[in-house]
Amino acid sequence: MALLTGKRALIVGLLSDRSIAYGIAEAMHREGADVALTYVGERFKERVTELGATVGTKLVFDMDVSKDESIEATFAALGKAWDSLDVVVHSVAFAPREALTGGFTAATSRESFRIAHDISSYSLTAVARAAQPLMQGRAGAILTLTYLGAVKSIPSYNVMGLAKASLEATVRFLAADLGPIGIRVNAISAGPIKTLAAAGIPGFRKMMHHVAAANPIRRNVTQDDVGNAAAFLCSDLAAGITGEVLYVDGGYHNVGMSFPEAAD
Ligand code: NAD
Ligand code: 0WE
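To keep things clear, this report deals only with the structure shown in the data block. (Residues numbered from 1 in each chain as written. Chains lettered and ligands numbered in written order. Predicted model: local features only at pLDDT ≥ 70, side-chain atom pairs only at ≥ 80, totals over all residues. Heavy atoms only, no water.)

## Comments concerning the sheet that holds strand β3 (residues 60-62)
Through backbone hydrogen bonds, the strands of a sheet pair up, either in parallel or in antiparallel fashion. Here is the rule: By definition, two strands form a pair when at least two bridges between them are found by DSSP. Here a strand is any run of E in DSSP of at least two residues, a helix any run of H or I of at least four, and the numbering for each starts at the N terminus. Note on definitions: angles span 0 to 180 degrees between N-to-C directions of axes, and those axes are lines fitted to C-alpha atoms, for helices only across the stretch in contact. What makes two residues a contact is simply this: any of their non-hydrogen atoms within 4.5 Å.
Strand order across the open sheet formed by seven strands is β3-β2-β1-β4-β5-β6-β7, with parallel pairing between neighbours. Pairing within the sheet leaves two strands with one partner each, and these edge strands are β3 and β7 (245-248). Adjacent strand axes in the sheet meet at a mean angle of 20° when their direction is disregarded. As paired elements, strand β2 (residues 34-39) and β3 share three bridges and run parallel to each other. Note on β3: the bridge partner recorded for T38 is F61. In the packing of helix α6 (residues 158-178) onto the sheet, the strands contacted are β4 (87-90), β5 (140-146), β6 (183-190) and β7, and the crossing angle to β5 comes to about 170°.

Have a look at this one:
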């Protein structure tokens, strides 16, 4: 039987068919969930509406997670279409571009720190709070996306690493707070994937080659790999898992030394 039959999932953070959120939407749709999508910015409405059709939904909302009114309006609109909600996927990150270039000390301004933490970390708590009334009394699941830069220094990831560390701590606090009302909260730490958020990061291609050569599975992970793990974590098969960070990185984070010439 499909993993998510009868579940309703709101997926936040769709920008293109390369978005990790889209891989998750496809996997959840395949596993029987009804999905709703959010994007940010009127100019992406048409594109996301078309992507929505491919995952069987007409429910697409413009939601800017840096604005409480926008979050509230989205959940009010969602509540008119759905009387309950089982799954929320948070697949959002942003830091000003200049903060992701060059050395950490020079690149990290007070303002870029604030923006990175607001949009990439605080927003999970804001969305969880707004989702709570619709998720009440069900076997609910909240999932966010993180990266190795939360726990290791990575060149140029800079203030995003600090924001992801905060996001991972948020997962643990939300899990403790919402577990008693039946909501599990987890994160997937994905390996590098070429999405719009990754495009234009200097050296990203090189980074992907390095990871594929060094990790145990000798390839980069895909949106499908992440989507499948997301479907599992948000399904009742994962009923015993909360507050967890699941690495979907081909085992990269567990490697202490590797001989890249062994890659094909
Ligand atoms: P993406 O560009 O497709 O998605 C990023 C999303 O964040 C976009 O949909 C964008 O609209 C959204 N966003 C930015 N500011 C927002 C705001 N104020 N309100 C609402 N949404 C906003 O890129 P992606 O790689 O799919 O990123 C999704 C998540 O995956 C991010 O949390 C990212 O950190 C994480 N991640 C990505 C990789 C990777 O290598 N691509 C690896 C690990 C984790
Ligand atoms: O979380 C991310 C990237 C998130 C991101 C991307 C951008 C690019 C455009 C946040 N803010 C912005 N701001 C922009 O203006 N990833 C996990 C992908 C990523 O980004 C890196 C990486 C990896 C991996 C940046 C440097 C080094 C590695």
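## Concerning the site of ligand 1
Counted only if it meets this: Neighbouring residues are identified by heavy atoms, a residue being near a molecule or strand if any of them is within 4 Å of it. Polar contact is defined as a pair of N or O atoms within 3.5 Å, subject to the rule that within protein one atom must be able to donate a hydrogen and the other to accept it, and that residues adjacent in sequence are counted only when both atoms are side-chain atoms. Every accessible area reported is derived by Shrake-Rupley at a probe size of 1.4 Å, with residue values counting cover from the shown protein chains alone. Under the grouping applied here, Gly and all other residues not named as nonpolar or charged are polar, the nonpolar ones being Ala, Val, Leu, Ile, Met, Phe, Trp, Tyr, Cys and Pro and the charged ones Asp, Glu, Lys and Arg.
In the vicinity of ligand 1 lie 26 residues, with S19, I20, K164, I193 and T195 positioned nearest. In the model, an oxygen atom of ligand 1 is placed 3.2 Å from a nitrogen or oxygen of the V92 main chain. Between an oxygen atom of ligand 1 and a side-chain N or O atom of T195, the distance comes to 2.5 Å. For ligand 1, the protein covers 91% of the area, taking 810 Å² as the surface of the free molecule. Each residue belonging to the shell around ligand 1 can be placed in one class, and the counts come to 18 nonpolar, six polar and two charged.

## Quick word on the packing of helix α5 (residues 110-135) against α6
Using the following cut-off: For classification purposes, angles smaller than 35 degrees are called roughly parallel, those larger than 145 roughly antiparallel, those between 65 and 115 roughly perpendicular, and all remaining angles oblique. The handedness criterion is simple: a crossing whose near helix is rotated anticlockwise from the far helix by less than a right angle is left-handed, and one whose near helix is rotated clockwise is right-handed.
The contact between α5 and α6 brings their axes to 8 Å, and the two run at 20°. Here α6 runs roughly parallel to α5, going by the angle between their axes. Handedness of the crossing formed by α5 with α6: right-handed. Between α5, through S112, F113, A116, H117, S120, S121, L124, T125, A128 and Q132, and α6, the contact on the second element is made entirely by V159, M160, L162, A163, S166, L167, T170, V171, L174 and L178. Class assignment of the residues belonging to the contact of α5 with α6 gives a composition of 12 nonpolar, eight polar and no charged.

## Structural notes on the environment of G250
Tracing the backbone shows G250 in the segment after β7. Here the alpha-carbon distance between G250 and A212, two residues 38 residues apart in the chain, equals 8.5 Å.

## Thoughts on the site of ligand 2
Taken together, 13 residues form the shell around ligand 2, and within it A95, R97, Y157, A197 and M207 come nearest. Between ligand 2 and A95 there is a distance of 2.7 Å, counted from a nitrogen atom to a backbone nitrogen or oxygen. Of the residues in the shell around ligand 2, the class split is 11 nonpolar, one polar and one charged.

## What about the pattern of salt bridges?
Threshold: Definition used for salt bridges: Asp or Glu carboxyl oxygen within 4 Å of a side-chain nitrogen of Lys or Arg. Exposure classes here rest on a 1.4 Å probe applied to the protein chains alone. A residue is buried below 20% of its type maximum, exposed above 50%, and partly exposed in between.
A full pass over the atoms with the stated rule returns seven salt bridges. Ionic pairing is found between D236 and K7, a salt bridge with its closest N-O pair at 2.8 Å. You can see D236 sitting in the loop between α8 (223-233) and β7 and its partner K7 sitting in the segment before β1 (8-12), a full 229 residues away along the chain. Exposure remark for K7: the relative accessible area of 8% places this residue in the buried category. The partner of D64 in a salt bridge is K67, and the shortest N-O contact between them spans 3.3 Å. Exposure remark for K67: the relative accessible area of 41% places this residue in the partly exposed category.

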